[in-house]
Amino acid sequence: MNNQEYTIRNANANEFEEIGKLMVLVYSQLEGFPKESEQPNYYKMLANIGDLTTNPETELLVAVSSDNKIVGGVVYFGDMQYYGSGGIATKEKNTSGFRLLAVDPITRDQGIGKLLINDCIQKAKNKKQHQLIIHSTKAMQTAWKMYERLGFKRFEDLDFMQGELPVFGFRLLF
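These numbers come from a predicted model, not from an experiment.

Criteria and cut-off values
Residues numbered from 1 in each chain as written. Predicted model: local features only at pLDDT ≥ 70, side-chain atom pairs only at ≥ 80, totals over all residues. Heavy atoms only, no water. Phe/Tyr/Trp six-rings, centres within 6.5 Å; stacked < 30°, edge-to-face > 60°. Buried < 20%, exposed > 50% of the residue type's maximum accessible area, 1.4 Å probe, protein only. Lys NZ or Arg CZ within 6 Å of the ring centre and 35° of its normal. Helix = DSSP H or I, 4+ residues; strand = E, 2+ residues; numbered from the N terminus. Salt bridge = Lys/Arg side-chain N within 4 Å of Asp/Glu carboxyl O. Core = buried A, V, L, I, M, F, W, Y, C linked by side-chain atoms within 4.5 Å. Contact = heavy atoms within 4.5 Å. Polar contact = N/O pair within 3.5 Å; in protein donor to acceptor, adjacent residues only side chain to side chain.

1. So, the packing of aromatic side chains
Part 1 of the reasoning: All told, the structure shown has 11 aromatic pairs when counted by the stated rule.
Part 2 of the reasoning: Note on Phe 33 and Tyr 42: the rings are 5.7 Å apart at their centroids and 55° apart in plane angle, and the pair reads as tilted. Across the pair, Tyr 42 and Phe 33 agree in class, each one buried.
Part 3 of the reasoning: The structure contains a cluster of three or more aromatic residues connected by ring pairs, namely Phe 98, Trp 144, Tyr 147, Phe 152, Phe 168 and Phe 170.
Part 4 of the reasoning: Residue placement shows Arg 154 over the ring face of Phe 170; its charged tip is 5.7 Å from the ring centre.
Part 5 of the reasoning: The ring of Phe 155 has Arg 171 lying over it, and the distance from NZ or CZ to the ring centre is 4.7 Å.

2. Remarks on the environment of Gly 151
Part 1 of the reasoning: Mapping Gly 151 onto the fold places it in the loop between α4 (141–149) and β6 (153–154).
Part 2 of the reasoning: Along the backbone, Gly 151 and Arg 171 are 20 residues apart, and their C-alpha atoms lie at a distance of 8.5 Å.

3. What to know about the pattern of salt bridges
Part 1 of the reasoning: Overall, the coordinates contain 8 salt bridges when judged by the stated rule.
Part 2 of the reasoning: A salt bridge links Lys 127 to Glu 57, with the nearest nitrogen and oxygen atoms 2.5 Å apart. Taken together, the residues span a long stretch of sequence, with Lys 127 in the loop between α3 (112–126) and β5 (131–136) and Glu 57 in the loop between α2 (40–47) and β2 (58–65) at a distance of 70 residues.
Part 3 of the reasoning: The network of salt bridges with common partners includes Glu 92, Asp 157 and Arg 171.

4. A closer look at the nonpolar core
When a protein is soluble and globular, its nonpolar side chains tend to lie buried together.
Part 1 of the reasoning: Counting 55 residues, the largest nonpolar core has Met 23, Tyr 27, Phe 98, Leu 100, Leu 132, Tyr 147 and Phe 152 as its most contacted members.
Part 2 of the reasoning: Among all residues touching Tyr 27, those that are not within four sequence positions of it are Phe 33, Tyr 42, Tyr 43, Leu 46, Leu 100, Leu 101, Ala 102 and Met 140.

5. Some remarks on the environment of Glu 156
Part 1 of the reasoning: Here Glu 156 shows up in the loop between β6 and β7 (160–162).
Part 2 of the reasoning: Taking the C-alpha atoms as reference points, Glu 156 and Gly 86, 70 residues apart in sequence, are found 13 Å from one another.

6. Focus on the side chain of His 135
Part 1 of the reasoning: On the secondary structure map, His 135 appears in strand β5.
Part 2 of the reasoning: At a separation of 2.9 Å, a polar atom in the side chain of His 135 contacts the side chain of Tyr 83.
Part 3 of the reasoning: A distance of 2.9 Å separates a polar atom in the side chain of His 135 from the backbone oxygen of Leu 158.
Part 4 of the reasoning: Those residues within four positions of His 135 in sequence are excluded, and the remaining contacts are Tyr 83, Ser 85, Ala 89, Leu 158, Phe 160, Val 167, Phe 168 and Gly 169.

Structure representation (structure tokens):
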């Protein structure tokens with residue numbers, strides 16, 4: 001799949017199931033991340049990722065290759081009350097967020113995650129938000145480094161515990 005061009009767009013409802021399977025695959029393979037048996041509700045949410053789009057200003061974005069294969073996805077939240085995290089993030093005003101970034105393992109290291117995040121950044125700027133929030137865990141070091149390269153900074157006030165899993169908050173200020 002080298003030399004592919006990728007397009008970022010909103011997912012179609014008939015793609016939700018495929019994207020959910022991709023999310024479950026990616027998250028279940030993260031070393032040090034809770035397994036489905038440890039957090040069944042989290043994996044149920046991943047499998048049914050399209051359900052999040054029933055909330056206002058919530059979009060499921062997909063990266064699609066030039067041969068029409070879904071290779072990644074992320075959920076963008078234009079209204080933080082629907083963000084669904086612990087901690088203070090859902091109370092932030094003039095703020096957008098994104099969660100649940102996943103890239104097909106076969107197409108990693110091709111800039112797909114960055115394309116998805118840049119689309120979220122542009123959506124937040126178009127909405128004239130003051131910041132964009134993301135959360136990550138220690139198991140997501142590749143993504144964590146990418147966020148920092150894109151200008152996100154750690155903000156401890158956004159951190160929270162998801163059961164026994166520490167979750168770390170980042171902001172990109174505009």
